[in-house]
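Fold and contact review
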Amino acid sequence: MEYKDYYATLGVKKDASQDDIQKAYRKLARKYHPDVNKAPEAEVKFKEIGEAYEVLKDEEKRQKYDQYGSAWKRAQQTGAPPPGWEGINFDFGGMGGQGGFDFGGGEFSSFFDMLFGGRRGGAAAGFGGQGFRGGGGDSEAALSISLEEAVRGGKREITLSDPGTGQRRTLSVKIPEGVRAGQRIRLAGQGQPGLGGGPAGDLYLKIEVEPDPRFRVEGSDLHSSVPVAPWEAALGGDAEVQTLDGAVRVKIPAGSSSGRKIRLRGRGLPQAGSGQKGDLLAEIRIVVPEQLSERERELFEQLAEASSFRARA
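In this report, we go over the structure that sits alongside the text. (Residues numbered from 1 in each chain as written. Predicted model: local features only at pLDDT ≥ 70, side-chain atom pairs only at ≥ 80, totals over all residues. Heavy atoms only, no water.)

1. Some remarks on the overall build of the protein chain
Helices and strands together make up the secondary structure of the protein chain, namely nine helices and 13 strands. Counting across all 313 residues of the protein chain, residues that qualify as buried make up 31%. The long-range fraction of contacts in the protein chain, counting pairs at least 24 apart against all pairs at least 6 apart in sequence, stands at 49%. Accessible surface computed for the protein chain: about 20,000 Å², of which carbon and sulfur atoms make up 48%. (Helix = DSSP H or I, 4+ residues; strand = E, 2+ residues; numbered from the N terminus. Buried < 20%, exposed > 50% of the residue type's maximum accessible area, 1.4 Å probe, protein only. Contact = heavy atoms within 4.5 Å. Areas by Shrake-Rupley, 256 points an atom, 1.4 Å probe, with all protein chains shown as cover.)

Next comes the structure, spelled out in structure tokens:
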């Protein structure tokens, strides 16, 4: 039975109000809706968000979920605790190695199997006794990378500090090519330490892509702007456009107005699973001199008198 943390899915605390849950859902739903977000993982994320909200928005379902975890639905349908929950008896009476956990002999949740190493029915796991062993919990941290690192991948060294001991450790992280903001990199065995020699949990690094002043990211496409002079826009010409692979020369079509876009195919971000790349769209932005020389002013005045063009019909 897989345990799904619906609170983590929506990014809220366990004691969050219904209003906070609704606000978190609406914000995430807008972000990951398949009609808006074309990333391959967006649809899966959108379904996970909907599943979590469907449970947490309902007081009765939320109460069952808080009590029984992933077995909440069965408890709601039957009106009784799931099999295995009835016989649980936490006996702490001895504490000197005599007390233990009595699971009543019934089938028990795999979630508790994970915590207690698969021991079932009548197994004694005294705090001072033999064989108490548990896996460590998973941890999550943010990893901020540049847009170039997200596109090309690479390696990064990170330093972690243990809040309990103050010890620091350095890890080498491989950043996969084409990683996107919100995706996670798993470092096996680098999470919280286990109990009684049990295995450590995993560390998940959530990717955050730093803003790049040159580009705006939309799915697999990059958007930028290319400034052109009025005469270049009217007569056409060449201009330099920045890409992730360096500057390239492009043709400015004659008669271009601000807002016209020049598409550079395959100059965007890698598309997951396809081996292809998105496009770079450079938007033309007409700029004029802030100060005109006498000759420039004279020529512009002559153009204004000679031209029959009117920008505002």
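Now that the structure has been shown, the text picks up again.
2. Considerations on the sheet that holds strand β13 (residues 280-286)
Either a parallel or an antiparallel arrangement is found when strands of a sheet pair, and the pairing is made through backbone hydrogen bonds. Spatial strand order, β8-β9-β13-β12: four strands in an open sheet with mixed pairing. The open sheet has two edge strands with one neighbour each: β8 (216-218) and β12 (261-264). Sheet twist, expressed as the mean angle between neighbouring strand axes with direction ignored, is 30°. Direction of pairing for strand β9 (residues 221-228) relative to β13: parallel, over a ladder of seven bridges. Bridge pairing links Ser225 to Glu283 in β13. (Pairing = 2+ DSSP bridges. Axes fitted to C-alpha atoms, helices over the stretch in contact; angles between N-to-C directions.)

3. Focus: the pairing of strand β10 (residues 237-243)
When β10 meets strand β11 (residues 246-252), the two strands line up antiparallel, connected through seven bridges. Paired with Gln242 across the strands is Ala247, a residue of β11. The hairpin turn running from β10 into β11, its antiparallel successor, is two residues long.

4. Let's talk about the side chain of Asp279
Residue position: Asp279 is located in the loop between β12 and β13. Assessed through its relative accessible area of 12%, Asp279 is described here as buried. Residue contacts for Asp279: discarding those within four places in its chain leaves Ser220, Asp221, Leu222, Arg263, Leu264, Arg265, Gly266, Arg267 and Gly268.

5. Brief notes about the pattern of salt bridges
Taken as a whole and judged by the stated rule, the model has 16 salt bridges. We note a salt bridge from Arg152 to Asp245, for which the minimum N-O separation is 3.2 Å. One end of the pair, Arg152, is in helix α7 (residues 147-152); the other, Asp245, is in the loop between β10 and β11, and 93 residues separate them in sequence. Given the relative accessible area of 53%, Asp245 is considered exposed. A salt bridge links Asp212 to Arg214; its shortest N-O distance comes to 3.0 Å. With relative accessibility at 15%, the residue Asp212 sits in the buried group. Here the residues in one salt-bridge network are Glu54, Lys57 and Lys61, joined through shared partners. (Salt bridge = Lys/Arg side-chain N within 4 Å of Asp/Glu carboxyl O.)

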